[in-house]
Amino acid sequence: MICGGLTGRRLAHDTQFLPVALEADPVLVSKLLSGDPRLLKCAVEDASHVTEGQKGPFVRLIQLALTITDDANIAGGELTSSSYGPSTKAAVLAYKTKRRIINFSYQTQPDAIVGKMTITSLDLEVAARERRNEAMGAGRPGADITTKRD
Amino acid sequence: MVAVVAGSIKFTMPDAGLEGRKPRPDLFINSSHVVCHLSHGFNAGGVPSNEFGSVNDGSIDRAISEAAWRAKAEFRLDTKDKAEIAKFEFGFIQIMFDGQFLMQYAGAKPLLGSLAIQPDFQNTFYLDSNPAHTPWTLPPADREILIDDRVICFTGDHPAFMAKRRTENFHPSFAKSAAIDNHVQLINHSMHFITVLAQFEKATFKVQPLASFRWQLKYQFEVKYVKGAPIIRNASSIKFDPQAKIGDPGFNGDEKKIFESRSGLFFNTVAPGRYRAALQKGSSARTESDTWFLNVPKDFFTAK
């Protein structure tokens, strides 16, 4: 994974600059998504887009990212089988609609495909959450106890 | 040898509501922390209200301003000779059994997992004192008053626990991501105490129990979030012996050892570090799951 050369780039729906790689092809930066080879391909190859009917750990990670970012409601059966079924499709469509992720070269409305723009957007939002939580002390000690009497 | 006059010991027990108040277990939640406390002597303004950094040693001292309950014992000595009396100290010694501890956090949805904290230091006996005034529960100025042959001894307590309201679930399925928020869902903590009125002879280091009472505290809370706002189910309890037991306290082996040696692990210096370490990422006390535990209710969390 390419991690160097970070800068700011504005996506269509962004309200602030978020770090992405300078390279021509976007790469994934979140810990959650960047370790999955299938999603890394999705981020750079049209042929590796994730669509309805597909199954695998990469689908579960997309479901997880949608739950983190949008509190998506994914059906239990789709979660246990890690499959891209109707509820995952609805969550992807809602996510893309909310952020106006549309390929204007051939579309006027968003579709329910997780392509380069969508996976990059999901990745950046998850990465922002990771950075926020790390700054807040993720995993650091969080307890104190006393029997105070004086 | 100074002796306590037989039959002269009079107790004012915590359950009698000394100062017109009784302790009531409760759970305070703000945007970043939770505190199990006993209501009286709890200062909500002292609870950290941001999520940055750690809960440090002493953080809870700003939230707990004083003892939630107090008790006193009054008795007469068989002499008024100040020089003789000065050879002895009187006061309360408290031994604590830190029992079951279970804390759970869960994600807003089953997909976001849950985690449990069950330390391996549960069921430990402590001398519940402070190194500055061991073995007594209180420092000399607060501990005893001597008026001629009359002695009045004081004690009190406020066991409290503070933790972060939210933590991150680092289950391997989540690829070490810090993005998986889990929210406090359950706190169960049971503590047993024996509070002993004692006489200590300075020359011989001999300590003698005069009277005692036992008490138990169970913090037992379940939390749900309705539109993001916490709703607490409180099944906690605090129970005191209705009356103090005069004479032999009926120690078990561990209690007897701590009492007679007047030494042991100090709860307030040992336990905070232990609990902090237990809640930390990577702790052996943490069990992380990539789905909800079976005891997480289906309606655990609805978002704002």
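Just so you know, these numbers come straight off a predicted model, no measurement behind them.

*Asks:* Can you walk me through the overall build of chain B in this structure?
*Replies:* Counting its regular elements, chain B contains four helices and 17 strands. Its C-alpha atoms give chain B principal-axis dimensions of roughly 70 × 35 × 30 Å. For chain B, the proportion of its 304 residues judged to be buried stands at 43%. A fraction of 72% describes how many contacts in chain B between residues 6 or more apart in sequence connect residues 24 or more apart.

*Asks:* Explanation requested: the overall build of chain A in the structure shown.
*Replies:* Regarding its fold elements, chain A presents six helices and three strands. A burial count over chain A gives 45% of its 150 residues as buried. The long-range share in chain A, meaning contacts at least 24 apart out of those at least 6 apart in sequence, stands at 52%.

*Asks:* What is the right way to look at the interface of chain B and chain A in this model?
*Replies:* It is common to give the size of an interface as the accessible area that goes away when the parts come together. At the junction of the two partners, chain B supplies 51 residues and chain A supplies 31 residues. Those elements that place two or more of their residues in the side of chain B that touches chain A are β9 (150–157), β10 (159–164), β11 (166–168) and α4 (267–279) of chain B. The element that contributes the greatest number of residues to the side of chain B that touches chain A is α4(B), accounting for eight residues. Looking at the side of chain B that touches chain A residue by residue, the classes come out as 28 nonpolar, eleven polar and twelve charged. One ladder, built from five bridges, connects strand β3 (residues 143–147) of chain A with β10(B); its direction is antiparallel. Along β10(B), the bridge assignment pairs A:Ala143 with B:Ala163.

*Asks:* Is there a simple way to explain the nonpolar core in this structure?
*Replies:* In summary, soluble globular proteins display a tendency toward joint burial of nonpolar side chains. Formed by 75 residues in total, the largest nonpolar core has its most connected members in B:Cys36, B:Met162 and B:Ala163. Per element, the largest residue contribution to this core is ten residues, and it comes from strand β5 (residues 88–106) of chain B.

*Asks:* How do you make sense of the pairing of strand β15 (residues 237–240) of chain B when you look at a structure like this?
*Replies:* It is a general feature of regular strands that their side chains alternate between the two faces of the sheet. Residues and elements named next belong to chain B. With burial as the criterion, only one face of β15 is covered, namely that bearing Ile238 and Phe240; the residues Ser237 and Lys239 on the opposite face remain uncovered. With four bridges connecting them, strand β13 (residues 206–226) and β15 associate as antiparallel partners. In the strand pairing of β15, leucine 217 is matched with isoleucine 238.

*Asks:* Would you take a moment to explain the sheet that holds strand β1 (residues 10–12) of chain B for this structure?
*Replies:* Hydrogen bonds along the backbone pair up the strands of a sheet, which may run parallel or antiparallel. Residue and element names in this part refer to chain B. Ordered by their spatial adjacency, four strands build an open sheet running β1-β4-β9-β8, and the pairing between neighbours is antiparallel. Both outer strands of the open sheet, β1 and β8 (144–147), are each paired with one neighbouring strand and no more. Going from strand to strand, the sheet's axes swing by 15° on average, the running direction of each strand aside. Note that strand β4 (residues 69–76) and β9 share eight bridges and pair antiparallel. In the sheet register, alanine 73 faces β9, and the bridge partner there is cysteine 153.

*Asks:* Got a minute to help me understand the sheet that holds strand β2 (residues 26–29) of chain B in this structure?
*Replies:* Read from one edge to the other, the open sheet built from four strands follows the order β3(A)-β10(B)-β3(B)-β2(B), with strand pairing classed as antiparallel. Looking along the sheet, the strands with just one partner apiece sit at the ends: β3 of chain A together with β2 of chain B. Ignoring strand direction, the axes of neighbouring strands in this sheet form an average angle of 10°. By the bridge criterion, four bridges tie β2(B) to strand β3 (residues 33–37) of chain B in an arrangement that is antiparallel. Of the residues in β3(B), the one forming a bridge with B:Asp26 is B:His37.

Criteria and cut-off values
- Residues numbered from 1 in each chain as written.
- Chains lettered and ligands numbered in written order.
- Predicted model: local features only at pLDDT ≥ 70, side-chain atom pairs only at ≥ 80, totals over all residues.
- Helix = DSSP H or I, 4+ residues; strand = E, 2+ residues; numbered from the N terminus.
- Buried ≥ 20, exposed ≤ 12 C-beta atoms within 10 Å, placed from the backbone.
- Contact = placed C-beta atoms within 7 Å.
- Nonpolar A, V, L, I, M, F, W, Y, C, P; charged D, E, K, R; others polar.
- Pairing = 2+ DSSP bridges.
- Core = buried A, V, L, I, M, F, W, Y, C linked by C-beta atoms within 7 Å.
- Axes fitted to C-alpha atoms, helices over the stretch in contact; angles between N-to-C directions.

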